[in-house]
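# Notes for the structure review
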Amino acid sequence: MALSRLSSRSNGIARPFSAAFNRFISTDTTPITIETSLPFTAHLCDPPSRSVESSSQELLDFFRTMALMRRMEIAADSLYKAKLIRGFCHLYDGQEAVAIGMEAAITKKDAIITAYRDHCIFLGRGGSLHEVFSELMGRQAGCSKGKGGSMHFYKKDSSFYGGHGIVGAQVPLGCGIAFAQKYNKEEAVTFALYGDGAANQGQLFEALNISALWDLPAILVCENNHYGMGTAEWRAAKSPSYYKRGDYVPGLKVDGMDAFAVKQACKFAKDHALEKGPIILEMDTYRYHGHSMSDPGSTYRTRDEISGVRQERDPIERIKKLVLSHDLATEKELKDMEKEIRKEVDDAIAKAKDCPMPEPSELFTNVYVKGFGTESFGPDRKEVKAALP
Amino acid sequence: MSAILQGAGAGAAAALTPFNSIDSNKFVAPSRSSLSVRSKSYIVAGSDDGTNKSFGSSSLIARRSQPLMIPNAVTATKADTAASSTSLKSGHELLLYEALQEGLEEEMDRDPHVCVMGEDVGHYGGSYKVTKGLADKFGDLRVLDTPICENAFTGMGIGAAMTGLRPIIEGMNMGFLLLAFNQISNNCGMLHYTSGGQFTIPVVIRGPGGVGRQLGAEHSQRLESYFQSIPGIQMVACSTPYNAKGLMKAAIRSENPVILFEHVLLYNLKESIPDEEYICNLEEAEMVRPGEHITILTYSRMRYHVMQAAKTLVNKGYDPEVIDIRSLKPFDLHTIGNSVKKTHRVLIVEECMRTGGIGASLTAAINENFHDYLDAPVMCLSSQDVPTPYAGTLEEWTVVQPAQIVTAVEQLCQ
């Protein structure tokens, strides 16, 4: 049995953890062609082909990372119920294929910016489980030093720009990042993610207009999970064809539960954006949890619908079937992998729980960048050092 | 000047609160002849940290024909020997908007990351000509004409700043930036904090605000009061060509987001500024006229109303100390405090509304920090809490007039 190390591939699949896979039969890069589940629907452009180039290593990678993301979100659910995570916690389980497929198609130089459902994308960009759980629990070791919380994950060195709480506000930011990429002649693109709820924000269309006008390499990705918190898309949008809403901007509708369709679409979008300007991708996806932990998720949709999607379209199940059908691993091996992942997540949680809270002085750091003498925090220059109990 | 005497008839004055009423008969308008004695005036920009500032002679032109009243500056002879011995270096004369443009151009030359975005800043040259000629020199990618979408282009500027660019976002009128309040408050002010220091947002948000000449309520807003609570931003207000250029340059070089408040009526101020490069400290107040009896704190256009009132006050025997606070957030309590400790009386004259304005915060700050040094309660003259009316006479009474300042000083110095 060949000991295979699933190391970082040049196409930028994140390896947030080092794991030695010494159990799998074939892990080399023999190419495998996979057909996407559904054809792409295009608006003002030619859709890409349904055949996606992949490899056995990538397939196993997808499975492992998605299982990790799923496990992480479920663990966050328990932590929230145990009151270790407070405030708002928006979980991404069900939507993992979007994060994974996107990472597979791009590099760390390409920027991603998203809204508050950002845990898995942060992981995909190279964040570690320890940073995730520490930040969620407000500890020092968190990616934002415990001062941001669930909705404010950022990773500058991997061009992950967060992590934003106000619906829709990240899209103009994303177009600004794309502008900077064009200004600096970087040959990179920006993926600005938003939801079906945010798709009705005016600033989106403002930003899209500017991006199309200035030919910015911006890709707007609508993660359409069909519900804007409690409001179904047909109750919020006169035209729920979000990929067409760009009007003069081309769009592509993608099955967001199929990681390979996402990968193909993102690759296509990147090529398009670098040459011809902005494009909209609509990922047809689904979230199993409610909008956030304070939303049960069952008052505006039936349990049958949720379990139906889980049975028929679950992204991890799809990859699992592909892995098994291509004989890349046995059932038992995949189960063992999942057990390993579970342990990894539990270890990370335990380690994060041990991590200290931020120092009281951290209350006042990073309000301003020090320079030109700025040291005050209030208008009267008073740095009131609160003595925390 | 003349407008006050024409407009403020006894009837109109009586209709207002006692605080605002003047007896127009008692009011003495400084005649031109009395000013001719002082033909050479110096504006002293005080500096405690020894930054090298040279003086420029200031001859502010009062244009009767244009709707802009700029009185001559009052002489100030500071006891600071090092400063006053500096002779007038050779300078060049220009208007305030040209000074802003010069500062902007110098910074764009110096750093290729600096870019400007706003409505009509490029080909049109800027609605107040601050960006005139820059698009021709630097191209469309560095001087960007945006469509009319403040929310989006402010957000884009902030997004670009996250990657390291240094955009200067112009609001054609500060009031329009209310549409971008979310971006300014949440993203501009807070991103450095919520990302744990990973991202800095070195943007400059600038634009003209304040009460103009009958521009109407929506175009006469003072946003300083709305933005002052946002943690993480700095606010400065320029009032002379000298400090306009200096503050513009400092704001661009600062790593923090800075909001630079300009005033619609001050763009045509003329002053001679130094040829060599200089920068004004973003957090420092400017000593306009040292004095002994009372500290008058002001900023932006009200500085000129205060200086006008100061002339009257001097004739009446008072010796006011006038400080242009310049830095609206954070306040320069060092300079202000030293002044309060000397004079023991404070009058704040601002253009913000009474409610929740810069004056309100400053009053609280002074009371909290310098209560023991005050001989009288801090008085704050602000604009009335009304939407700015169109009618000229009414508009005049929404803002503080020099006569009211004189009355207030007399009241405080009893």
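Residues numbered from 1 in each chain as written. Chains lettered and ligands numbered in written order. Predicted model: local features only at pLDDT ≥ 70, side-chain atom pairs only at ≥ 80, totals over all residues. Heavy atoms only, no water.

The cut-off we apply is this: UniProt positions are given in the numbering used here, feature names are shortened, and annotations may be inferred rather than shown by experiment.
With an unreviewed UniProt entry as reference, chain B is termed pyruvate dehydrogenase (acetyl-transferring), source organism Camelina sativa. Its UniProt record gives chain B a comment under Cofactor (unreviewed entry), which states: "thiamine diphosphate". Taken directly from UniProt, the Catalytic activity (unreviewed entry) text for chain B runs: "N(6)-[(R)-lipoyl]-L-lysyl-[protein] + pyruvate + H(+) = N(6)-[(R)-S(8)-acetyldihydrolipoyl]-L-lysyl-[protein] + CO2".

For chain A, the name recorded in an unreviewed UniProt entry is Pyruvate dehydrogenase E1 component subunit alpha, with Camelina sativa as its organism. Note on chain A: under the UniProt heading Function (unreviewed entry), the record states "The pyruvate dehydrogenase complex catalyzes the overall conversion of pyruvate to acetyl-CoA and CO(2). It contains multiple copies of three enzymatic components: pyruvate dehydrogenase (E1), dihydrolipoamide acetyltransferase (E2) and lipoamide dehydrogenase (E3)." Per UniProt, chain A has the following entry under Subunit (unreviewed entry): "Tetramer of 2 alpha and 2 beta subunits."

### Looking at the sheet that holds strand 14 (residues 379–383) of chain B
All names here are of chain B. This is how the line gets drawn: DSSP bridges decide pairing: two strands pair if at least two such bridges lie between them. Where helices and strands are cited, they refer to DSSP runs of H or I of at least four residues and of E of at least two residues respectively, numbered from the N terminus. Helix axes use the C-alpha atoms of the stretch in contact, all axes being lines fitted to C-alpha atoms, and the angles between their N-to-C directions lie in the range 0 to 180 degrees.
On the basis of which strands lie adjacent, the open sheet formed by 5 strands has the order 9-11-10-13-14 and mixed pairing. Each edge of the open sheet carries a strand with a single partner, namely strand 9 (286–289) and strand 14. Averaged over neighbouring strand pairs, the angle between their axes works out to 25 degrees when direction is ignored. With 3 bridges joining them, strand 9 and strand 11 (residues 320–324) adopt antiparallel strand pairing.

### Section: the pattern of salt bridges
The line we're drawing: Salt bridge, as used here, is a side-chain nitrogen of Lys or Arg placed within 4 Å of a carboxyl oxygen of Asp or Glu. Each residue is placed in one exposure class: buried if its accessible area under a 1.4 Å probe, protein chains only, is under 20% of its type's maximum, exposed if it is over 50%, and partly exposed if it falls in between.
Inspection of the entire model under this criterion finds 39 salt bridges over all chains. Between Lys155 of chain A and Asp157 of chain A there is a salt bridge; the shortest N-O distance is 3.4 Å. Of the residues examined, Lys155 of chain A reaches a relative accessible area of 15% and is grouped as buried. Where Lys249 of chain B meets Glu277 of chain B, a salt bridge forms, and the shortest distance between an N and an O atom there is 3.0 Å. Taken as a pair, Lys249 of chain B in helix 11 (residues 241–253) and Glu277 of chain B in the loop between strand 8 (270–274) and strand 9 lie far apart in primary sequence, 28 residues in all. What you see here is one network of salt bridges that share partners, running through Glu102, Glu106, Glu107, Arg110, Lys245, Lys249, Arg253 and Glu277 of chain B.

### So, the UniProt feature "domain: Dehydrogenase E1 component" (unreviewed entry) in chain A
The feature "domain: Dehydrogenase E1 component" (unreviewed entry), as given by UniProt, occupies residues 65–360 of chain A in the numbering adopted here. Measuring from the first to the last C-alpha atom of residues 65–360 of chain A gives 36 Å, for a span that is 46% helix and 10% strand.

### Remarks on the interface of chain A and chain B
Let me state the cut-off plainly: Here, two residues are considered to be in contact whenever any of their heavy atoms come within 4.5 Å of each other. Distance and chemistry together define a polar contact, namely a pair of N or O atoms within 3.5 Å, with one atom able to donate a hydrogen and the other to accept it when in protein, and with adjacent residues in sequence counting only for side-chain atoms on both sides. Throughout, the ten residues Ala, Val, Leu, Ile, Met, Phe, Trp, Tyr, Cys and Pro are labelled nonpolar, Asp, Glu, Lys and Arg are labelled charged, and all others, Gly among them, are labelled polar.
At the interface, 47 residues of chain A touch 57 residues of chain B. Linking chain A with chain B are 0 salt bridges. Between the two partners, chain A and chain B, sit 16 residue pairs in polar contact (both at pLDDT 80 or more). If you list the elements that add at least two residues to the side of chain A that touches chain B, you get helix 5 (170–183) and helix 6 (202–214) of chain A. Taken together, the residues of the side of chain A that touches chain B break down into 24 nonpolar, 14 polar and 9 charged.

### Focus on the pairing of strand 11 of chain B
Residue and element names in this part refer to chain B. Burial of strand 11 is extensive: 5 of the 5 residues sit out of reach of the surface. Residues of strand 11 alternate between two faces, with Pro320, Val322 and Asp324 on one and Glu321 and Ile323 on the opposite face, all of them buried. Inspection of the sheet shows strand 10 (residues 294–298) paired to strand 11 by 5 bridges, in the parallel sense. In the strand pairing of strand 11, Thr298 is matched with Asp324.

### A few points about the packing of helix 1 (residues 56–81) of chain A against helix 11 (residues 331–354) of chain A
Residues and elements named next belong to chain A. We apply this condition: Under this scheme an angle from 65 to 115 degrees is roughly perpendicular, one under 35 degrees roughly parallel, and one over 145 degrees roughly antiparallel; angles in between are oblique. By convention the crossing between two helices is left-handed if the near helix lies anticlockwise of the far one by an angle smaller than a right angle, and right-handed if it lies clockwise.
Remark: helix 1 packs on helix 11, axes separated minimally by 9 Å, with the N-to-C direction vectors making an angle of 45 degrees. Taken together, the axes of helix 1 and helix 11 lie oblique to each other. Remark: the crossing between helix 1 and helix 11 carries right-handed chirality. Where helix 1 approaches helix 11, its residues Leu60, Phe63, Arg64, Ala67, Leu68, Arg71, Met72, Ala75 and Leu79 are matched on the opposing element by Leu334, Met337, Glu338, Glu340, Ile341, Arg342, Glu344, Val345, Ile349 and Lys353. When the residues that make up the contact of helix 1 with helix 11 are grouped by side-chain class, the tally is 12 nonpolar, no polar and 7 charged.

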